[in-house]
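Each chain, letter by letter, is given below.
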Amino acid sequence: MIKILELREKRAKAWDTAKAFLDSKRSDDGILSAEDTATYEKMESEVVALGKEIDRLERQATIDAELSKPTSNPITNKPTTGDGEEKTGRATAEYKKAFWNAMRTKTPHSEVLNSLSIGTDSDGGYLVPDEFERILVAALEDENILRTLAHVITSSSGEKKIPVVASNGTASWVDEGDAIPESDDTFGQVNLGAHKLATMLKISEELLNDSAFNLEQYAAKEFGRRIGRAEEEAFIGGDGTGKPTGFLNSAQLGITTAGANISLDEMIDLYHSLREPYRRKAVFIVNDLTVKAIRKLKDTTGQYLWQPSLIANTPDTILGRPVKTSSFMPVIEAAKKVVAFGDFSYYWIADRQGRAFKRLNELYAANGQVGFLGS
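Residues numbered from 1 in each chain as written. Predicted model: local features only at pLDDT ≥ 70, side-chain atom pairs only at ≥ 80, totals over all residues. Heavy atoms only, no water.

### Notes on the overall build of the chain
Within the chain, the regular secondary structure consists of twelve helices and 14 strands. Looking at the 375 residues of the chain, the share that counts as buried comes to 37%. Counting only contacts in the chain whose residues sit at least 6 apart along the sequence, the fraction spanning at least 24 positions is 73%. Accessible surface for the chain amounts to roughly 22,500 Å². Of this, 50% is attributable to carbon and sulfur atoms. (Helix = DSSP H or I, 4+ residues; strand = E, 2+ residues; numbered from the N terminus. Buried < 20%, exposed > 50% of the residue type's maximum accessible area, 1.4 Å probe, protein only. Contact = heavy atoms within 4.5 Å. Areas by Shrake-Rupley, 256 points an atom, 1.4 Å probe, with all protein chains shown as cover.)

### Some words on the pattern of salt bridges
If you walk through the whole model with that rule in mind, you get twelve salt bridges. With a closest N to O distance of 2.6 Å, Arg11 and Asp316 form a salt bridge. You can see Arg11 sitting in helix H1 (residues 2–25) and its partner Asp316 sitting in the loop between strand S8 (306–307) and strand S9 (317–318), a full 305 residues away along the chain. The class of Arg11 is buried, set by a relative accessible area of 5%. For Asp316, a relative accessible area of 13% translates into the label buried. A salt bridge links Arg225 to Glu222; the nearest nitrogen and oxygen atoms lie 2.6 Å apart. Taken together, the residues span about one helical turn, with Arg225 and Glu222 both in helix H8 (residues 215–237) at a distance of three residues. (Salt bridge = Lys/Arg side-chain N within 4 Å of Asp/Glu carboxyl O.)

### Describing the packing of aromatic side chains
Counted under the stated rule, the structure contains eight aromatic pairs. Linked through ring pairs, Phe235, Phe247, Phe344 and Tyr347 together constitute an aromatic cluster. Above the ring of Trp15, the side-chain terminus of Arg295 is found at 5.8 Å from the ring centroid. Here the basic side chain of Arg295 rests over the ring of Trp306, its NZ or CZ set 3.9 Å away from the ring centre. (Phe/Tyr/Trp six-rings, centres within 6.5 Å; stacked < 30°, edge-to-face > 60°. Lys NZ or Arg CZ within 6 Å of the ring centre and 35° of its normal.)

### Let's talk about the environment of Leu197
Relative to the helices and strands, Leu197 resides in the loop between strand S4 (186–192) and strand S5 (199–204). Residues Leu197 and Gly374, spaced 177 residues apart in sequence, show a C-alpha to C-alpha distance of 8.5 Å. Excluding anything up to four places from it in sequence, Leu197 contacts Ile227, Ala230, Glu231, Gly374 and Ser375.

### Considerations on the environment of Asn367
Relative to the helices and strands, Asn367 is located in the loop between strand S13 (356–360) and strand S14 (369–374). Judged by its relative accessible area of 59%, Asn367 falls in the exposed class. The spacing of Asn367 and Glu205 is 162 residues in sequence and 9.4 Å in space, taken between C-alpha atoms.

### Remarks on the confidence of the model for the chain
Residues with a pLDDT of 70 or more make up 75% of the chain, whose mean pLDDT is 77. Averaged pLDDT values over the elements of the chain bottom out at 46 in helix H4 (residues 110–115) and peak at 93 in strand S7 (residues 283–286). Of the regions scoring below 50 in pLDDT, residues 109–124 engages in 24 contacts with residues more than four places distant in sequence or in other chains. (pLDDT = per-residue confidence, 0-100.)

### Examining the side chain of Arg8
Mapped onto the secondary structure, Arg8 falls in helix H1. Of the residues examined, Arg8 reaches a relative accessible area of 3% and is grouped as buried. Engagement of the side chain of Arg8 in a polar contact is seen with the backbone oxygen of Ser309, the distance being 2.9 Å. (Polar contact = N/O pair within 3.5 Å; in protein donor to acceptor, adjacent residues only side chain to side chain.)

### Looking at unusual backbone geometry
One non-glycine residue, Leu319, lies in the positive phi region at around 55°. Position of Leu319 among the secondary structure elements: in the loop between S9 and strand S10 (321–325). Judged by its relative accessible area of 27%, Leu319 falls in the partly exposed class.

### Focus on the environment of Pro322
Tracing the sequence through the fold places Pro322 in strand S10. Apart from residues lying up to four places away in sequence, Pro322 is in contact with Ala282, Val283, Phe284, Pro315, Asp316 and Thr317.

### Digging into the nonpolar core
Of all hydrophobic cores here, the largest spans 34 residues; its most connected members are Met267, Phe284, Ile318 and Val339. Elements with a contribution of two residues or more to this core: H1, helix H2 (34–67), helix H10 (264–273), S7, helix H12 (288–294) and strand S11 (337–342). No other element matches H1, which puts seven residues into this core. Counting residues in each nonpolar core, the second largest holds 15 residues, with Ile145, Phe247, Val283 and Ile349 among its members. (Core = buried A, V, L, I, M, F, W, Y, C linked by side-chain atoms within 4.5 Å.)

Below, the structure is given as C-alpha cells:
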C-alpha cells in the first residue's frame with residue numbers, strides 16, 4: 001500500500017511537470033514545435049506508465065487478499081449447542097476435496113464420484129466448488145471492468161426476462177371538483193439469452209502430480225484472465241450474434257468523432273446529454289490512447305479536465321466523474337464512438353448458475369499433458 005501511495009504521488013508530480021511544460025511551450029496559436037511535442041509525449045508516457053503500474057499493483061493486492069482468505073471458518077460454537085449453519089452441496093469441504101482430487105486424478109475413486117454427484121453433467125463435467133467460484137468471479141472482475149460497473153445476476157435457465165418501465169405516468173394540477181386525469185406507467189420486457197464462453201488449459205502430467213503445484217490458484221488466475229478479456233470485449237462492442245450485445249451497439253451514448261481529435265465542447269456536451277439523476281453514478285469509459293488526447297483539454301479557467309487520483313483504489317476523473325480505460329473501446333477515428341458516459345448499473349449481465357470444469361485425459365496424452373476445459 002505504501003508503494004502504491006508513493007507511485008500515485010510520483011505520478012501527480014510528473015503530471016504537474018508535464019502540464020507546466022505544455023503551458024510554457026505553447027505558442028500564441030496554441031501549437032507546439034516538433035521538438036517540444038516529442039519532449040511532452042515522453043513526459044506524458046511516463047505518467048501513463050506510472051498509472052498502469054499502479055493499476056497492476058492494486059489488482060495484485062486484491063488477488064493476494066482474496067487468495068489469502070481462509071478456506072474454512074474456525075468452529076467457535078460449543079459442540080452441544082447445535083448452532084451454526086451447515087454447509088451443503090458445492091459449499092461443503094467434502095465436495096471441494098473431491099473436485100480437486102478428480103481434477104488431479106485420471107480415474108476418480110468411487111467415493112470421489114459419489115461426492116461429486118451433485119455437480120455431474122451429461123458430458124462428465126463438474127460444477128466448480130463455491131469457494132473456487134468466488135475466487136474465479138473475483139478474477140473475472142479484475143480482468144473485466146464492466147463486471148465491476150454493471151448489474152450482475154445469476155440465472156438458472158438459459159433465458160431471463162427482465163421487466164422494464166417503458167414510460168412513466170405524470171401528476172397534474174386540477175381544480176376543485178374536476179376529474180383527476182389518468183396517467184399510467186407502461187411496462188415492457190427485455191429477454192436476456194444465454195451464450196457459452198469456454199477456454200482450455202494444457203498442463204503436463206509431471207506438474208499436475210507435483211503436490212507443490214497449486215492447481216486451484218493457477219486455474220483461477222488463467223481462466224479469469226482469458227474469460228474476463230473475452231467478456232469485456234463482448235460487453236463493450238458485442239453484436240449479439242453468438243455473444244452478448246455490447247453497450248456501444250444498443251445505447252445512444254458516446255462521442256462520435258468527426259476527425260482525429262476530441263474537443264472540449266464535445267466532452268461537455270456528452271456530460272450534459274445525460275440526465276442529472278444518472279450523472280450521479282456515471283463513469284467515463286475510454287481507450288487508453290483516447291485519454292492521451294483528453295489530458296490536453298482545459299476548461300475556460302485553465303484547469304485540465306483530467307485529474308489524477310492520489311488515493312489508493314480511487315480512479316482518475318474527467319469533469320469530476322471517474323474514468324475507466326479499456327483496450328476494447330475504439331480509438332479516435334472518424335465515425336467511431338470513442339467516449340462512453342453513463343450509469344452502467346443499467347447494463348445487466350446474467351450468469352448461468354455455476355461454472356463447469358472438465359478434465360480431458362486422452363486428447364493430449366501423447367504429449368504427456370492433460371487438458372482442462374472451463375466454461
